[in-house]
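Single-letter residue listing:
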Amino acid sequence: NAGVTQTPKFQVLKTGQSMTLQCAQDMNHNSMYWYRQDPGMGLRLIYYSASEGTTDKGEVPNGYNVSRLNKREFSLRLESAAPSQTSVYFCASSEAPGPSYEQYFGPGTRLTVT
Amino acid sequence: RKEVEQDPGPFNVPEGATVAFNCTYSNSASQSFFWYRQDCRKEPKLLMSVYSSGNEDGRFTAQLNRASQYISLLIRDSKLSDSATYLCVVNPPYGGSQGNLIFGKGTKLSVKP
């Protein structure tokens, strides 16, 4: 039982390049989330998926797209990377939407855009 | 006023000390409150939920003061392994059923031998 896994762990992109961050969970959770964490800032929600087949914008969605591929997998795509997207990206999952359900985080992807 | 505010620290304390962290939140209609722990270069993990009546888990005690919009975390008998950043987390009313959480920037604790 690996919990929440993310790939890659590290990535360096040049401005304008695209990439997809992958996230998978093996806990049969319904809800999944993408956050970014920047120095001096709290984690901020980018997108979430309350259940398979649905996605919604969070606090900072601009420049990102997501796909809930199936119940296990939730990917985050940067179509044209910008230096402002340099950050640590965390994927999380919870049994169901709602604050009563603990969110479990993956180990993070450290992305640098030059 | 920022949605969730915490003293960033760092708090440098000796082993065995008692240390308290405070957090304030701006939206009086917020309903759910949590403390998460994040080790250096690791992912956040839930430490404990915070209930209106206050709650305790071993050496950790969390308190909520709705009137003052204030949350606290008390750690007694600090251990070296308690060294981490502690994140105050609030579920605002507009988060609704989606469980959207607002994270504070965190308070860094360093426990020294």
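Above this text you will find the structure in question.
Residues numbered from 1 in each chain as written. Chains lettered and ligands numbered in written order. Predicted model: local features only at pLDDT ≥ 70, side-chain atom pairs only at ≥ 80, totals over all residues. Heavy atoms only, no water.

A few points about the state of the cysteines
So, step 1. For the coordinates displayed, the defined rule picks out two disulfides over all chains.
So, step 2. Note that C23 of chain A is cross-linked by a disulfide to C91 of chain A, the S-S spacing being 1.9 Å. Here the disulfide of C23 of chain A and C91 of chain A is left-handed, its torsion about the S-S bond being about -70 degrees. Residue C23 of chain A is found in strand β3 (residues 19-25), and its partner C91 of chain A is found in strand β9 (residues 87-94); the two are separated by 68 residues along the sequence. Comparing C23 of chain A with C91 of chain A, the two get one shared label, buried.
So, step 3. For C23 of chain B, the disulfide goes to C88 of chain B, at an S-S distance of 2.0 Å. The chirality of the disulfide connecting C23 of chain B with C88 of chain B is left-handed, given an S-S dihedral of about -75 degrees. With C23 of chain B in strand β3 (residues 19-25) and C88 of chain B in strand β9 (residues 84-91), this pair connects stretches of sequence that are 65 residues apart.
So, step 4. With relative accessibility at 1%, the residue C23 of chain B sits in the buried group. (Disulfide = S-S within 2.5 Å. Helix = DSSP H or I, 4+ residues; strand = E, 2+ residues; numbered from the N terminus. Buried < 20%, exposed > 50% of the residue type's maximum accessible area, 1.4 Å probe, protein only.)

Observations concerning the layout of surface pockets
So, step 1. Empty space within the largest pocket amounts to approximately 580 Å³.
So, step 2. Lining the largest pocket are 25 residues; nearest its centre among them are Q37 and P39 of chain A together with Q38, R41 and T85 of chain B.
So, step 3. Those elements that place two or more of their residues in the lining of the largest pocket are β9 of chain A together with β9 and β11 (107-112) of chain B.
So, step 4. Looking at the lining of the largest pocket element by element, the count peaks at four residues for β11 of chain B.
So, step 5. Broken down by class, the residue content of the lining of the largest pocket amounts to eight nonpolar, ten polar and seven charged.
So, step 6. In this structure, the second largest pocket spans a volume of roughly 230 Å³.
So, step 7. In terms of lining residues, the second largest pocket is bounded by 13 residues, among which G42, R44 and E59 of chain A together with I102 and F103 of chain B are the most central.
So, step 8. For the lining of the second largest pocket, the residue count by class is six nonpolar, two polar and five charged. (1 Å grid on protein atoms, 1.4 Å probe; cavity = no way out; pocket = protein on both sides within 12 Å on 5 of 7 lines; lining within 4 Å. Points joined across faces, edges and corners; volume = space filled by probe spheres on them. Nonpolar A, V, L, I, M, F, W, Y, C, P; charged D, E, K, R; others polar.)

Some points on the interface of chain A and chain B
So, step 1. Between chain A and chain B, the contact holds 21 residues from the first and 20 residues from the second.
So, step 2. Buried surface at the junction of chain A and chain B, summed over both partners, amounts to about 1,700 Å²; 54% is from carbon and sulfur atoms.
So, step 3. The interface formed by chain A and chain B holds zero salt bridges in total.
So, step 4. Remark: the boundary between chain A and chain B carries three residue pairs in polar contact (both at pLDDT 80 or more).
So, step 5. Taken together, the elements giving at least two residues each to the side of chain A that touches chain B come down to β4 (31-37) and β5 (44-49) of chain A. (Contact = heavy atoms within 4.5 Å. Buried area = accessible area lost by both parts, 1.4 Å probe. Salt bridge = Lys/Arg side-chain N within 4 Å of Asp/Glu carboxyl O. Polar contact = N/O pair within 3.5 Å; in protein donor to acceptor, adjacent residues only side chain to side chain.)

Some points on empty space enclosed by the protein
Residues and elements named next belong to chain B.
So, step 1. Under the defined criterion, the tally for this structure stands at one cavity of 30 Å³ or more.
So, step 2. Estimates place the volume of the largest cavity at around 30 Å³.
So, step 3. In terms of lining residues, the largest cavity is bounded by E3, V4, Y25, S26, N27, S30, V90, P92 and I102.
So, step 4. Looking at the lining of the largest cavity residue by residue, the class counts come to five nonpolar, three polar and one charged.

Brief notes about the pattern of salt bridges
So, step 1. One pass over the full model with this rule turns up seven salt bridges over all chains.
So, step 2. Its salt-bridge partner being D77 of chain B, residue K79 of chain B comes within 2.9 Å of it at the nearest N-O pair.
So, step 3. Residue classification places D77 of chain B among the partly exposed positions, given a relative accessible area of 36%.
So, step 4. Salt bridges linked by common partners bring R36, D38 and R44 of chain A together as one network.

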